[in-house]
2 protein chains.
Amino acid sequence: MSQKRQRLLDTALTLFYQNGINSVGINEILAVSGIAKRTLYIHFPSKDALVFAALQQRHDIFIAWLKQKLANTKSTNEVIHSLFSALESWFSNQEAELGPFRGCFFINTSAEFSDINSDIFNFCHHHKQQVRQVIADHLISNNSELLEAMCIMKEGAIVTAHLCGSGKEVTANCIKILEKLETS
Amino acid sequence: MSQKRQRLLDTALTLFYQNGINSVGINEILAVSGIAKRTLYIHFPSKDALVFAALQQRHDIFIAWLKQKLANTKSTNEVIHSLFSALESWFSNQEAELGPFRGCFFINTSAEFSDINSDIFNFCHHHKQQVRQVIADHLISNNSELLEAMCIMKEGAIVTAHLCGSGKEVTANCIKILEKLETS
DNA sequence: AATAGAGTAGACAAATCGGTATACTTTTGT
DNA sequence: ACAAAAGTATACCGATTTGTCTACTCTATT
């Protein structure tokens, strides 16, 4: 609807993802976006509401990105390769839509919001379920053990790439491991 | 040395781990520990120094806990079982030394401190390397692919248990997957 | 041309942040 | 026993936090 609202949201998401939510104040978002404080509080009743909207925005972007990466996969092996190649590309900052890699926004956010019953923490959980579903939809065979393995290794790869910075080796190892599982 | 210093550190670690570092103020730590502000700043020059000391404390506790859990393992298979049984026990709050489970303190902390070159972020990286080394020391065979798989799945399991709350199924799946890898 | 809605700039409020200073008391080592 | 070190309580500092308020401007539609 409003282009100001959208610019606010884009700026907030970028800053939140890059620096962590608690480290980014409302005033910084206003300064970077060049929008007045009053305008922000017309569109979002509170910072938490802005955070929640940013999470939704990131969720939509990530799911769309993932679906596109998994499109046209015609076998389990192709899903494995497409998924972890995409992750590797993300880790090495070659996915413009996702911004400079700094781990998973939802893992990071759930680390800052400790209340397990809050809307924000709940949405992080919901996001992970949705991602799992997208992967599941692309697996022809109903191999739930392989699906589980892919999801666990995906989280492990994201965390490892973020903390240890070795993106390429990690994803290559994941592919190798999952291929062994697939054919066993 | 000083018992006050230790109490400060224990309180800080508990609160930081449970609520996130940026969500816990100096004053809260003082109120809970019942120690004067002046005393804190005698022992720690800044909040960041306290955070760093808390990370070191957690590191020592975690490494000791892990070594104990992996002690007396006599085969690769036993390492797999000991490691992921221990994790499952942690996830379901049965490991008093580690406190109520709220993910990995180092993953959580690195989510809050975005500067990759800071001492704090660096220590989180260092911790993960040390954990990997402890696991490696218990593997008789020099199977680096299995080691890598165990580390990736360990991170994946921690994140998944925290965000999705399904501790038991996750670790059971990890064990199943790793056993397949081991014997292939 | 008039009016309503969206936006701006910035002062302001109340709370909280990390950190310092002061004046005093307790503990500890020799 | 005495002196140094450690600890307490509390006031205070400047900066920063989210959020409110006022007064003004721009723009679009009827």
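Please read all numbers here as calculations on a predicted model, not as lab measurements.

### Here's the deal with the pattern of salt bridges
- In this structure the tally under the stated criterion is 12 salt bridges over all chains.
- A:K128 is the partner of A:E155 in a salt bridge, and the nearest nitrogen-oxygen pair spans 3.0 Å. Placement of A:E155 in helix α8 (residues 144–164) and of A:K128 in helix α7 (residues 119–138) is noted, with a sequence separation of 27 residues between them. For the pair shown, A:E155 and A:K128 are each scored as buried.
- Put simply, A:E145 and B:K180 hold a salt bridge, and the shortest N to O gap is 3.5 Å. Of this pair, A:E145 sits in helix α8 while B:K180 sits in helix α9 (residues 167–182), on two different chains.

### What about the protein's contact with DNA strand C?
- Near DNA strand C lie 16 residues; those nearest to it are A:T39, B:I26, B:K37, B:Y41 and B:K47.
- If you look at DNA strand C and keep only atoms within 4 Å of the protein, 57% of those are sugar or phosphate atoms.
- Backbone polar atom of B:I26 to a phosphate oxygen of DNA strand C: 2.7 Å apart, as the coordinates give it.
- Looking at the surface near DNA strand C, the elements with two or more residues in it are α3 (37–43) of chain A together with α2 (26–33) and α3 (37–43) of chain B.

### Digging into the UniProt feature "domain: HTH tetR-type" (unreviewed entry) in chain A
- According to UniProt, the positions carrying the feature "domain: HTH tetR-type" (unreviewed entry) are residues 2–62 of chain A.
- Secondary structure content for residues 2–62 of chain A is 79% helix and 0% strand, and the end C-alpha separation is 23 Å.

### Observations regarding the packing of aromatic side chains
- Inspection of every chain in the model, using the stated rule, returns 20 aromatic pairs over all chains.
- Between B:W90 and B:F91, the aromatic rings sit 5.9 Å apart at their centres with planes inclined by 35°, giving tilted as the arrangement.
- In this structure B:W90 comes out as buried when scored by relative accessible area, which is 1%.
- Pairwise contacts between aromatic rings join A:Y17, A:F52, A:F105, A:F106 and A:F123 into one cluster.
- Stacked on the ring of A:Y17, the Lys or Arg A:R58 has its end atom at 4.3 Å from the ring centre.

### What to know about the packing of helix α4 (residues 47–70) of chain B against helix α6 (residues 105–112) of chain B
Residue and element names in this part refer to chain B.
- Contact geometry for α4 and α6: axes closest at 11 Å, N-to-C directions at 155°. Relative to α6, α4 is oriented roughly antiparallel. Relative to α6, the crossing made by α4 is left-handed. When α4 is examined against α6, the residues A54, L55, R58 and H59 are found in contact with a partner set consisting of F105, F106 and T109.
- Taken together, the residues of the contact of α4 with α6 break down into four nonpolar, two polar and one charged.

Criteria and cut-off values
- Residues numbered from 1 in each chain as written.
- Chains lettered and ligands numbered in written order.
- Predicted model: local features only at pLDDT ≥ 70, side-chain atom pairs only at ≥ 80, totals over all residues.
- Heavy atoms only, no water.
- Salt bridge = Lys/Arg side-chain N within 4 Å of Asp/Glu carboxyl O.
- Helix = DSSP H or I, 4+ residues; strand = E, 2+ residues; numbered from the N terminus.
- Buried < 20%, exposed > 50% of the residue type's maximum accessible area, 1.4 Å probe, protein only.
- Near = heavy atom within 4 Å.
- Polar contact = N/O pair within 3.5 Å; in protein donor to acceptor, adjacent residues only side chain to side chain.
- UniProt positions renumbered as here; feature names shortened; annotations may be inferred.
- Phe/Tyr/Trp six-rings, centres within 6.5 Å; stacked < 30°, edge-to-face > 60°.
- Lys NZ or Arg CZ within 6 Å of the ring centre and 35° of its normal.
- Axes fitted to C-alpha atoms, helices over the stretch in contact; angles between N-to-C directions.
- Parallel < 35°, antiparallel > 145°, perpendicular 65-115°, else oblique.
- Left-handed = near helix turned anticlockwise from the far one by under 90°.
- Contact = heavy atoms within 4.5 Å.
- Nonpolar A, V, L, I, M, F, W, Y, C, P; charged D, E, K, R; others polar.

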